[in-house]
Number of protein chains: 4
Amino acid sequence: MIVVLKPQTTQDKIDHLVGWLNNQGIQIHLSVGSEYTIIGLIGNTDKVDVELLESLDMVMAVRRVGEPFKQCSRMFHPEDTVITVGNAKIGGGNFCMIAGPCSVESEAQILEVAQKVKASGAHILRGGAFKPRTSPYAFQGLRAEGLTLLSEAKRVTGLPLISEIMNVNHLPLFEDVDIIQVGARNMQNFDLLQELGHINKPILLKRGLANTLKELLMSAEYIMAGGNEQVILCERGIRTFETYTRNTLDLSAVPKLHEISHLPVVVDPSHATGEVKLVPSMALAAAACGADGLMVEVHNDPAHARCDGAQSLTPEQFNKLAAQVRAVLEVIRS
Amino acid sequence: MIVVLKPQTTQDKIDHLVGWLNNQGIQIHLSVGSEYTIIGLIGNTDKVDVELLESLDMVMAVRRVGEPFKQCSRMFHPEDTVITVGNAKIGGGNFCMIAGPCSVESEAQILEVAQKVKASGAHILRGGAFKPRTSPYAFQGLRAEGLTLLSEAKRVTGLPLISEIMNVNHLPLFEDVDIIQVGARNMQNFDLLQELGHINKPILLKRGLANTLKELLMSAEYIMAGGNEQVILCERGIRTFETYTRNTLDLSAVPKLHEISHLPVVVDPSHATGEVKLVPSMALAAAACGADGLMVEVHNDPAHARCDGAQSLTPEQFNKLAAQVRAVLEVIRS
Amino acid sequence: MIVVLKPQTTQDKIDHLVGWLNNQGIQIHLSVGSEYTIIGLIGNTDKVDVELLESLDMVMAVRRVGEPFKQCSRMFHPEDTVITVGNAKIGGGNFCMIAGPCSVESEAQILEVAQKVKASGAHILRGGAFKPRTSPYAFQGLRAEGLTLLSEAKRVTGLPLISEIMNVNHLPLFEDVDIIQVGARNMQNFDLLQELGHINKPILLKRGLANTLKELLMSAEYIMAGGNEQVILCERGIRTFETYTRNTLDLSAVPKLHEISHLPVVVDPSHATGEVKLVPSMALAAAACGADGLMVEVHNDPAHARCDGAQSLTPEQFNKLAAQVRAVLEVIRS
Amino acid sequence: MIVVLKPQTTQDKIDHLVGWLNNQGIQIHLSVGSEYTIIGLIGNTDKVDVELLESLDMVMAVRRVGEPFKQCSRMFHPEDTVITVGNAKIGGGNFCMIAGPCSVESEAQILEVAQKVKASGAHILRGGAFKPRTSPYAFQGLRAEGLTLLSEAKRVTGLPLISEIMNVNHLPLFEDVDIIQVGARNMQNFDLLQELGHINKPILLKRGLANTLKELLMSAEYIMAGGNEQVILCERGIRTFETYTRNTLDLSAVPKLHEISHLPVVVDPSHATGEVKLVPSMALAAAACGADGLMVEVHNDPAHARCDGAQSLTPEQFNKLAAQVRAVLEVIRS
């Protein structure tokens, strides 16, 4: 961290500031120039209150040099992290297709979808049991029963499972789930993240609707700081002023996250766009720009889905999309 | 809800759609015009999937007529809700000043601040015990001990307490807290909201950084749907593209919320701006535009605060501000 | 347009409103339901003041059914518009690669870049002569001299030209330019758009940093309303809260614009991302999601470019990218 | 400006970078620390390409120390600028009330409004002659005739005039206009700003819907760089994700702009909110947070206004508001 002092700051004031920083365990490196004096902060500056520093009268500017995250940073861990669940791998050049319905609704539904997406090449089955809904009056998922049906689909198809958790008290119900998803609205539910840092299972962490990439990485850091290094990042669209699309899928997040972090990055085009017409285009674009995987909603009967039918592909649409995605991957890998 | 059909939609298709809606318990009111056919949906349309309707080929547009919230709507409850805690009242023309430190740090600190803000006219004492922090490496609050110190300050000063909850499992620790605060990052932690709907205590619900007023009201609805009607809304700044200020305080939310809801609206200028220089201006502006209260951070020694010192007023600054706020209130009430 | 009246609106008030609308040349279609009364407005509602209607006490809601644009709408013109300049075609399945430096700097520079991008398969040469810069102290382009150098490059390579106009008084200087570009900051410079509606040359209209797709189409409508139907839309990134990337490239705009308009859509990954590392990924993604063309900055010596060197590919990087783009196009067309 | 180099950067590379900077006329101040090497850039760094520097492999971070604007900065001009037109003063403790219709529509209309707002204490008359409209099919203003009618109102009432310019070629028509307004959509029409830098009249510069305060000040700098130092800044609402209000009025911009610039800051609550119900609240809030003036739309017959009737106060509403504003000003000045 660098602190730039205003011209004409007295030596007294500089000494006082340096002492205050030393008391916090920070070494300083003073550089007196003809125009301004620069104080370089050396050591662990995580606990320095940047905004307080900025508010001091003698301070012209405070500038961070490094990033506040460590374990998820590529600087300290140059190789790609590869997550393995069953036969599926995510990251480090391994592309993973996750598919399934928004909500688990019945045994027949989840089995049919699971078998069809497997036949089309999906590696992991998704299905919501606990559903975060904006309205208290909307369908909230089959809850524990939904997880039981997912297990049945796993037994039949052999596909590993991913499902969303909303409450840390539900963790015992997720034993058979292979990847635990943290939804966009819980990305900064720090208590939940901390608990997930203590388990031994991959976590798929969705970017919040209005969270920066830095905040996404800080939330990954919460999980990793607890000891769980298996984190998958997920871009699912951000909130902007545009109203023709539900959210704005930020695909530049994919190469940017790859630059600064070693964690795999998956894209969810279904929630980002909210409409079937846009899902295939955005899925292909995600594959073209280097995503490590896709999470796509597929429903055997979208018109009667209890949740998000408008964004669910039919198994036939998914089958066609999966083949095109594989072809795009071949192009960009060649 | 109104569904507008495309010109040249066949009668067959219309019948099919009407049947599908009837099956969901919806009555319809068909109006065939020369240019387009309009279907008015009558009955409880909460569970109709708007996006699915929009995705049908025959549908030109779907337009909601009413709002998806009910209990917090002024349409169904025209009188202002007034919340009473101890001697303090919020709403219905009662202005409430909430003040105190970002974090409770020690007995001496919280007692000094509590006594001073009381002397300046504060009605309720705020103090954080569980702190949501973006970084896992930052100070996370004194937790249970912090709540004990708050109780002590309440015993000494008689001021009712407000403090933030982050995990529903902590609820037993909040017995002596008079108003439970849900922070911006948990505004859509629906499991937490549902639990708070079953207790008998006022909830101060902060607007999320990127949440619309409609979503804020839907989250209030989650609490009220459980039976707890004592909800206070809090505007605390939203995320925009501007970088000179930490957040953008959306003061037009105050009169707009008053128009559509009967719940009281409090403004937090400290978190919105993040810097002491801006807090008094924004506090006065909030009072001028009709807010039902202010929540202001006050610290006896901001330079050594363990959290958010840059945005904390000194007791002297708060004393001056409180007097000006009272004078502004007199003007707008006259 | 549909106006929904509040329950209990008296017949007197309804008659008054209907009369007021009739006076504006609007026919109405009244539909009295058990819950609410709906007024359908028939005829040219372009001049009806929606916000005024909404502000009337008796009105619950006003909902637009159609879109305010006409000439650029696919509803009134189902076939794709194809723009032809020289041997290049844009739209209707024709993909067009536009490349060249941010600014024209010298004869040697523009000739070298033009010849190299042509060899790599570019169809049109871009080059800025008049540069909109945020700072009055930054390089503003070679202006008229820049256009002369572009003409020279066109003579030598045969590539058609595209260049940005900032002031309608400069139009005579653009005689040899084949496509006139309107920059993002001038997207709502309505006087400029109106003038460009009266010339007989294709216009590439960049989306403003904070403009919705609807506004982009309304600006296209300004040009088309004057008689010039040759408009190319360009997505170049929008402003969001994210700070790790310069702008957020909104690729879902591509399929969405194709759905509602017949105009071709080109993507500019260089300005959207602002850094070379992200340009190829975003260019490939744009091709994968159906863009009709790409506009990419290429400079023979980025380290010494007078403008936007950080986002300029070298000719070698462009050559590799162009080949990959062609391969992706083959996949999505198959 | 400060450039932080990555650890292990070789001396060769450092020398090369320093040479490259020296060639641009920049002096450097090298500071080699144990963790990283810092290069301080001394001299005029306006033309240094920050993004190019950031893209160099050896560079960890580039941080601006100062601001890119100079003439509008309070650092170089500590005293408030006061603008005088006729008997009205804006800035430096002088509060100015600007009022009038959105569009000039007829002699009777403008005279009636002008006389009434004058009687209520307005200091300056506003009225649009050239209107920027999103749709080419909407009323575009009376143009030259509107300016003639404004002159007539000025002659009758003695009120100075403000009106918006959209095209620099119209400047000769604005001879009798006292303050020239640049609208939000033209805030970065740099050619227009440059021309207005050469005239001797105050310019009211509206913040663009999605422009940062820094960009607003850079646009003011464009005008001042030409020699015209009479610039008034105007906050009129920014674009956010919120849809219940037309724009989000950013009132924290008022004290923030006062901190960094000496230019007066006026607030337009009419365009920001778009509805009469919100205008008085936001006007009072603006006065309470230190604005130097208000610009409010007033129409003698809002229901028949040709433009923006929904946001126009009646003269009676304005009269009441003006009195309340004066009372709030007394409070905050005491």
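## Description of helix H1 (residues 11-23) of chain B
Residue and element names in this part refer to chain B.
- With 13 residues, H1 extends 18 Å from end C-alpha to end C-alpha; this agrees with the ideal 18 Å at 1.5 Å per step.
- Listed as buried for H1 are Ile14, Leu17, Val18, Trp20 and Leu21. Buried residues of H1 fall within an arc of 160 degrees about the axis and therefore sit on the same side. Facing away from the buried side of H1 by more than 90 degrees, the exposed set consists of Asp12, His16 and Asn23.
- Immediately beyond the C-terminal end of H1, within one or two residues, lies Gly25, with a positive phi of roughly 80 degrees.

## A few points about the interface of chain A and chain B
- Taken residue by residue, the interface counts 45 residues in chain A and 46 residues in chain B.
- The contact between chain A and chain B buries some 4,000 Å² in all, and 49% of this surface belongs to carbon and sulfur atoms.
- Where chain A meets chain B, there are two salt bridges.
- Taken together, the links from chain A to chain B amount to 17 residue pairs in polar contact (both at pLDDT 80 or more).
- Elements represented by at least two residues in the side of chain A that touches chain B include exactly helix H2 (50-55), helix H5 (190-196) and helix H6 (213-225) of chain A.
- Here the side of chain A that touches chain B gets five residues from one element, more than from any other, and that element is H6 of chain A.
- Tallied by class, the residues present in the side of chain A that touches chain B amount to 16 nonpolar, 17 polar and 12 charged.

## Regarding the relation of the copies chain C and chain B
- Superposing chain C onto chain B takes a rotation of 180 degrees plus a shift of 0.0 Å along the axis, which leaves an RMSD of 0.0 Å. Read as a symmetry element, the transformation amounts to a two-fold axis. The position closest to the rotation axis in chain C is occupied by the C-alpha of Phe241 of chain C, lying 2.3 Å away.
- A share of 100% of interface residues in chain C that are also interface residues in chain B marks the association as one of identical surfaces.

## A look at the packing of helix H9 (residues 279-288) of chain C against helix H10 (residues 315-333) of chain C
Residues and elements named next belong to chain C.
- Interaxial distance between H9 and H10 falls to 9 Å at its minimum, and their mutual angle equals 25 degrees. Comparing their axes, H10 and H9 come out roughly parallel. As H9 runs across H10, the sense of the crossing is right-handed. The segment H9 lies against H10, with Pro280, Ala283, Leu284, Ala287 and Ala288 engaging Leu321, Gln324, Val325, Val328, Leu329 and Ile332.

## A look at the sheet that holds strand E9 (residues 161-165) of chain C
All names here are of chain C.
- Strand order in the closed barrel made by the eight strands is E7-E8-E9-E10-E11-E12-E13-E14, with parallel pairing throughout. Adjacent strand axes in the sheet meet at a mean angle of 30 degrees when their direction is disregarded.
- Bridge count for strand E11 (residues 203-206) against strand E12 (residues 231-235) is four bridges, and the pairing is parallel. When the sheet's bridge partners are listed, Ile203 is paired in E12 with Val231.

Cut-offs applied
Going along each chain's sequence as written, the residues are numbered from 1 onward. Chain labels run from A onward and ligand labels from 1 onward, assigned in the order the entries are written. Owing to the predicted nature of the model, reporting of local features is limited to residues with pLDDT of at least 70; listing and counting of side-chain atom pairs is limited to 80 or more, with chain, interface and lining totals taken over all residues. Hydrogen atoms and water are omitted, and side-chain values are computed over all heavy atoms in the structure. In DSSP terms, a helix is any run of H or I states spanning at least four residues, a strand is any run of E spanning at least two, and both are numbered starting from the N terminus. Residue count minus one, scaled by 1.5 Å, sets the expected span of a helix. Buried residues are those whose accessible area, probed at 1.4 Å on protein chains only, stays under 20% of the maximum for their type, while exposed residues exceed 50% and partly exposed ones sit between those limits. This arc is built from the directions going out from the helix axis to the C-beta atoms. Contacts are residue-level and defined by heavy atoms, with any inter-residue pair within 4.5 Å sufficient. What counts as buried area is the accessible surface, traced by a 1.4 Å probe, that two parts surrender upon association, with contributions from both included. Here a salt bridge means any side-chain nitrogen of Lys or Arg lying within 4 Å of a carboxyl oxygen belonging to Asp or Glu. A 3.5 Å cut-off defines polar contacts: any pair of N or O atoms within that distance qualifies, except that in protein one atom must be a possible hydrogen donor and the other a possible acceptor, and neighbouring residues in sequence count only when both atoms are side-chain atoms. Each residue is assigned to one of three groups, with Ala, Val, Leu, Ile, Met, Phe, Trp, Tyr, Cys and Pro labelled nonpolar, Asp, Glu, Lys and Arg labelled charged, and all others, Gly among them, labelled polar. Only residues with pLDDT of at least 70 in both copies contribute their C-alpha atoms to the least-squares superposition of the copies. Only the contacting stretch of a helix is used when fitting its axis, a line to C-alpha atoms as for every element, and angles between N-to-C directions run 0 to 180 degrees. Between 65 and 115 degrees an angle is taken as roughly perpendicular, under 35 as roughly parallel, over 145 as roughly antiparallel, and anywhere else as oblique. Each crossing gets its handedness from the near helix: less than a right angle anticlockwise from the far helix is left-handed, clockwise is right-handed. Strands are treated as partners if at least two bridges between them are detected by DSSP.

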